[in-house]
Amino acid sequence: PAMVLAKTGMSEAALALVEGEDPEKVWVIGGGSVYTALVPHCKRVYLTKVDATAGDPDTYFPNLNKLHSWSVEQTSEPVTENGVTYRFIDYVNNNM
């Protein structure tokens, strides 16, 4: 039988689904509303930052640099492949 969760919001339902799981094995893959709802509940964020400009974006990942609870743990050296430069940035939620 299927499990049905009745929760007040997306973050509560998602958190209930992973309750008891090893937090190092749970990954959040968005859309914008998914990130907004669940990033505050994350201990770490592994971000790939691409040095490029999108034409007319309508969705943004939360800017962790502007949130006092997040700090950068490490940033990789820039990598360029096929004319695109990117870097990996690891953030830590200092409230967890």
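Residues numbered from 1 in each chain as written. Predicted model: local features only at pLDDT ≥ 70, side-chain atom pairs only at ≥ 80, totals over all residues. Heavy atoms only, no water.

**Let's talk about the environment of Ala14**
Moving on, step 1. Mapped onto the elements, Ala14 comes out in helix H1 (residues 10-17).
Moving on, step 2. C-alpha separation for the pair Ala14 and Val34, spaced 20 residues apart in sequence, amounts to 9.5 Å. (Helix = DSSP H or I, 4+ residues; strand = E, 2+ residues; numbered from the N terminus.)

**Quick look at the pattern of salt bridges**
Moving on, step 1. One pass over the full model with this rule turns up two salt bridges.
Moving on, step 2. In this structure, Glu73 engages Arg44 in a salt bridge whose closest nitrogen and oxygen atoms are separated by 2.2 Å. Of the two residues, Glu73 is situated in strand S2 (residues 70-75) and Arg44 in strand S1 (residues 44-50); the sequence distance between them amounts to 29 residues.
Moving on, step 3. Judged by relative accessible area, Glu73 falls into the partly exposed class, the value being 46%.
Moving on, step 4. The partly exposed category is assigned to Arg44, whose relative accessible area is 22%.
Moving on, step 5. Residue Asp51 is joined to Arg87 by a salt bridge in which the shortest nitrogen-to-oxygen separation is 2.6 Å. With Asp51 in the loop between S1 and S2 and Arg87 in strand S4 (residues 84-93), this residue pair connects regions lying 36 residues apart in the sequence.
Moving on, step 6. When its relative accessible area of 38% is taken as the criterion, Asp51 is described as partly exposed. (Salt bridge = Lys/Arg side-chain N within 4 Å of Asp/Glu carboxyl O. Buried < 20%, exposed > 50% of the residue type's maximum accessible area, 1.4 Å probe, protein only.)

Bear in mind that shape data such as this cannot, by itself, settle questions of function.
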